[in-house]
Amino acid sequence: MSRNKNLLVILIVAALVFLYKFIFSSKDEGGFLDEIRDKGIKSIVSKKYIDYDNHNISFLVYGNKDSIVVYRDWWDKVSVGDSILKPKGSLDVIIKNSDKIEKFDFGDK
């Protein structure tokens, strides 16, 4: 009888590990990059915003209140009024104005 209980416990633990690994963790791993990859942007930066209530995450606001997360080391290289371009399916963001063109790659982070 105890052998069946041990087997049952092992099967339950294996099922929980399977569920966590393939269902729950798949939403976190690469989810951010998948979300970035799915965005297509061709707009103007209307606002730079740091969400102090959400771990000080930096955002660029563009268009009709859409936004994209940016890394802190990109922050000073972007100004309000700059053009922002990001082809759908890519992890590259291009920021440009009359004086500069900056290319940022989410895949490098």
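Residues numbered from 1 in each chain as written. Predicted model: local features only at pLDDT ≥ 70, side-chain atom pairs only at ≥ 80, totals over all residues. Heavy atoms only, no water.

A. Just the packing of aromatic side chains, in detail. Tallied over the full model, the rule gives 6 aromatic pairs. Plain terms: the ring middles of Tyr-71 and Trp-74 are 5.0 Å apart, the flat faces sit at 85° to each other, and that makes the pair edge-to-face. For Trp-74, a relative accessible area of 5% puts it in the buried group. Relative to Phe-106, the ring of Tyr-71 lies with its centre 5.6 Å away and its plane at 50°, an arrangement referred to as tilted. With Tyr-71 in the loop between strand S3 (66-70) and helix H3 (72-75) and Phe-106 in the segment after strand S6 (101-105), this pair connects stretches of sequence that are 35 residues apart. An aromatic cluster is defined as three or more aromatic residues linked by ring pairs; in this entry it consists of Phe-32, Tyr-71, Trp-74, Phe-104 and Phe-106. Sitting over the ring of Trp-75, Lys-48 keeps its end group 4.5 Å from the ring centre. (Phe/Tyr/Trp six-rings, centres within 6.5 Å; stacked < 30°, edge-to-face > 60°. Buried < 20%, exposed > 50% of the residue type's maximum accessible area, 1.4 Å probe, protein only. Helix = DSSP H or I, 4+ residues; strand = E, 2+ residues; numbered from the N terminus. Lys NZ or Arg CZ within 6 Å of the ring centre and 35° of its normal.)

B. Up close: the side chain of Ser-43. Take Ser-43: it is sitting in strand S1 (residues 41-51). Ser-43 gets classed as buried once you look at its relative accessible area, which sits at 18%. Looking at Ser-43, its side chain comes within polar contact range of the main-chain nitrogen of Gly-63, at 3.1 Å. Non-local contacts of Ser-43, meaning those with residues more than four positions away in its chain, are made with Tyr-62, Gly-63, Asp-82, Ser-83 and Ile-84. (Polar contact = N/O pair within 3.5 Å; in protein donor to acceptor, adjacent residues only side chain to side chain. Contact = heavy atoms within 4.5 Å.)

C. Representation of a nonpolar patch on the surface. Together, Leu-8, Ile-12 and Leu-16 give the surface a local cluster of nonpolar side chains, amounting to about 300 Å² of exposed area. By the element assignment, Leu-16 lies in helix H1 (residues 2-28). For Leu-16, a relative accessible area of 53% translates into the label exposed. (Patch = residues over 30% accessible without salt bridge, like charges linked within 9 Å, V, L, I, M, F, W, Y side chains within 5 Å. Areas by Shrake-Rupley, 256 points an atom, 1.4 Å probe, with all protein chains shown as cover. Salt bridge = Lys/Arg side-chain N within 4 Å of Asp/Glu carboxyl O.)

D. Fine view of the nonpolar core. Residues Leu-60, Ile-68, Val-78, Ile-84, Val-93, Ile-95 and Phe-106 are the most contacted members of the largest nonpolar core, which totals 17 residues. Among the elements of the structure, S1, strand S2 (57-62), S3, H3 and strand S5 (92-96) are those that each provide at least two residues to this core. In terms of residues, this core owes the most to one element, S1, which gives 3 residues. Ignoring sequence-local partners within four residues, the contact set of Leu-60 consists of Val-45, Lys-47, Lys-48, Asp-66, Ser-67, Ile-68, Val-70, Val-78, Ile-84 and Ile-95. (Core = buried A, V, L, I, M, F, W, Y, C linked by side-chain atoms within 4.5 Å.)

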